[in-house]
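# What the coordinates show
Single-letter residue listing:
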There are 2 protein chains.
Amino acid sequence: MGRWEPDARGRLARAALELYAETGYEQTTVADIAVRAGVTERTFFRYFADKREVLFDGSGELQRRVLDGVTAAPASLAPVDAVARAFEGAAALLEERRDLSRHRAATIAANPSLQERELLKFAGLGAAVADALRARGIAEPAATLAAETGVTIFRVGFEKWIAGSPGDLARCIRETLAELKTLTGAV
Amino acid sequence: MGRWEPDARGRLARAALELYAETGYEQTTVADIAVRAGVTERTFFRYFADKREVLFDGSGELQRRVLDGVTAAPASLAPVDAVARAFEGAAALLEERRDLSRHRAATIAANPSLQERELLKFAGLGAAVADALRARGIAEPAATLAAETGVTIFRVGFEKWIAGSPGDLARCIRETLAELKTLTGAV
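Given the structure is predicted, the values throughout are model-derived calculations rather than measurements. (Residues numbered from 1 in each chain as written. Chains lettered and ligands numbered in written order. Predicted model: local features only at pLDDT ≥ 70, side-chain atom pairs only at ≥ 80, totals over all residues. Heavy atoms only, no water.)

## Quick word on the relation of the copies chain B and chain A
Of the transformation placing chain B onto chain A, the axial shift is 0.0 Å and the rotation is 180°, giving an RMSD of 0.0 Å. The two molecules are tied by a two-fold rotation axis, judged by turn and shift. The overlap is high: 100% of the interface residues of chain B also sit at the interface in chain A, so the same surface is used on both sides. (Least-squares fit on C-alpha atoms with pLDDT ≥ 70 in both. Contact = heavy atoms within 4.5 Å.)

## Structural notes on the nonpolar core
Side chains of a nonpolar character, in soluble globular proteins, are inclined to be buried together. By size, the foremost hydrophobic cluster in this structure holds 75 residues, and its most contacted members are A:Phe154, B:Leu133 and B:Phe154. Among residues more than four places away in sequence, those in contact with B:Leu133 are B:Val70, B:Val83, B:Ile138, B:Ala143, B:Ala146 and B:Ala147. (Core = buried A, V, L, I, M, F, W, Y, C linked by side-chain atoms within 4.5 Å. Buried < 20%, exposed > 50% of the residue type's maximum accessible area, 1.4 Å probe, protein only.)

## Section: the interface of chain B and chain A
Chain B puts 26 residues into the contact, and the matching count from chain A is 26 residues. For chain B, the biggest contributors to the area lost against chain A are B:Leu145, B:Leu183 and B:Thr184; these three give 28% of the whole. Linking chain B with chain A are 0 salt bridges, by the criterion used here. Run the count over chain B and chain A and you get 4 residue pairs in polar contact (both at pLDDT 80 or more). Looking at the side of chain B that touches chain A, the elements that each hand over two or more residues are helix H6 (79-90), helix H8 (112-135), helix H9 (142-162) and helix H10 (169-183) of chain B. With 9 residues, H9(B) is the largest single contributor of residues to the side of chain B that touches chain A. A breakdown of the residues in the side of chain B that touches chain A according to their chemical character gives 14 nonpolar, 6 polar and 6 charged. (Buried area = accessible area lost by both parts, 1.4 Å probe. Salt bridge = Lys/Arg side-chain N within 4 Å of Asp/Glu carboxyl O. Polar contact = N/O pair within 3.5 Å; in protein donor to acceptor, adjacent residues only side chain to side chain. Helix = DSSP H or I, 4+ residues; strand = E, 2+ residues; numbered from the N terminus. Nonpolar A, V, L, I, M, F, W, Y, C, P; charged D, E, K, R; others polar.)

## Some thoughts on the environment of B:Thr176
All names here are of chain B. Tracing the chain through its elements places Thr176 in helix H10. A relative accessible area of 1% places Thr176 in the buried class. Residues Thr176 and Arg117 lie 59 residues apart in sequence; the distance between their C-alpha atoms is 24 Å. For Thr176, the side chain forms a polar contact with the main-chain oxygen of Cys172, separated by 2.7 Å.

## Some thoughts on the packing of aromatic side chains
All names here are of chain A. Enumeration according to the criterion identifies 14 aromatic pairs over all chains in this entry. Each ring, one from Phe44 and one from Phe48, has its centre 5.4 Å from the other, and the planes form 45°; the classification is tilted. Each of the two residues, Phe44 as well as Phe48, counts as buried. Aromatic rings pair up to connect Phe87, Phe122, Phe154, Phe158 and Trp161 into one cluster. (Phe/Tyr/Trp six-rings, centres within 6.5 Å; stacked < 30°, edge-to-face > 60°.)

## Digging into the pattern of salt bridges
Residue and element names in this part refer to chain A. Scanning the entire structure with this criterion turns up 32 salt bridges over all chains. Close ionic contact of Arg9 with Asp57 constitutes a salt bridge, the shortest N to O distance being 2.7 Å. Taken together, the residues Arg9 in helix H1 (residues 8-23) and Asp57 in the loop between helix H4 (53-56) and helix H5 (59-72) connect sequence positions 48 residues apart. By relative accessible area, Asp57 is classed as partly exposed at 35%. A single salt-bridge network, built from bridges that share partners, covers Arg14, Glu18, Glu22 and Arg36.

## Here we look at the environment of A:Phe45
Residues and elements named next belong to chain A. Relative to the helices and strands, Phe45 is located in helix H3 (residues 41-47). Here Phe45 falls in the partly exposed class, since its relative accessible area comes to 44%. When the C-alpha positions of Phe45 and Gly157 are compared, they lie 33 Å apart, and in sequence the two are 112 residues distant. Phe45 has contacts with Val30 and Asp50, leaving out every residue within four places of it along the chain.

## Some words on helix H6 (residues 79-90) of chain A
Each α-helix winds once per 3.6 residues, and so residues spaced three or four apart point in a common direction. The terminal C-alpha atoms of H6(A), which comprises 12 residues, lie 17 Å apart, in line with the 16 Å expected from a rise of 1.5 Å per residue. Burial within H6(A) is extensive, with 9 of its 12 residues counted as buried. Where H6(A) is concerned, the buried positions are A:Pro79, A:Val80, A:Asp81, A:Ala82, A:Val83, A:Ala84, A:Ala86, A:Phe87 and A:Ala90. At its buried positions, H6(A) is contacted by H5, helix H8 (112-135), helix H9 (142-162) and helix H10 (169-183) of chain A together with H10 of chain B. (Expected span 1.5 Å × (residues − 1).)

## Section: H10(A)
The first and last C-alpha atoms of H10(A) sit 21 Å apart over 15 residues, in line with the 21 Å expected at 1.5 Å per residue. Listing the buried residues of H10(A) in full gives A:Leu169, A:Ala170, A:Cys172, A:Ile173, A:Thr176, A:Leu177, A:Leu180, A:Lys181 and A:Leu183. Buried residues in H10(A) make contact with H6 and H9 of chain A together with H6 and H9 of chain B. Positioned one or two residues after H10(A), A:Gly185 has a phi angle of 75°, which is positive.

Functional significance is not addressed by these values, which are geometric in nature.
Right under this line is the structure:
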């Protein structure tokens, strides 16, 4: 049990993600999760609507942190750099959870209906970041272009990170931004 | 009736997209589409499984053209430029259909279940482009990063085009690529 999960919610999340990775998402029941976490099913339902929600529980907090980062970024930064830096700042939310993030990613990759939900989550995040950029005076199509590019940088950096790339998630995001600049022929 | 639709399939597609825009996707029946196209319902079902398929009928052809373009791109091009150029080449498929493309986009924007299908389509396209880049010897994460960035450039360029930006779709894609380079602080 890591520092990030002193509570029932954290134990439930860890138990669920471990079970999804070990025995499969479809095969895992809420009863299984509650037993492993050492709580009752009723406690599970105090925190999560169903077993799918465990996988998407952190989405709101991630989005809030990214949007705060976009709002706070210095005006001197190019828009894609500002968005990438906002994702870097939000990465702290996940830094202590590399193993669980890997379990989560494997679970989603194995289940098409979860993949759809994940795509929708990122589409919503991209739209919200574009809104935040427009609120900073960045016009279309620049706002959408920078927001969607930032989401891509985050997703690709996240994959690097869970694949075991050296360094933390923030570093993987920075490296991915640098790589994008190379790939656009910019460096 | 434009040059691109000498046949029943083309007339059905145009009739469907016009009706979706005029009276709404949910409210339009296959019978309505067949009447406007001047064919029987049975003819509709010879070409399309259902009214949703009319909206996604061109996806396979678009993907084939993009993948051919990626495969044929000069090795000297930076990966993002190669992918953007492949989308530019595939744009010819849509050039004569700006009005219908606009109807289609409005229909999808108004219907969450169609939006999901559209997201899945682009996710599949991005994955296929990344495969094609890997087949050209481009490693991960560069392949996924260039592919996803290319899809973003196409989608944003497409929005510019249907919003009435001067020039054809290929030009809107080129301008969007140039804008991305500016936004990454590269130009």
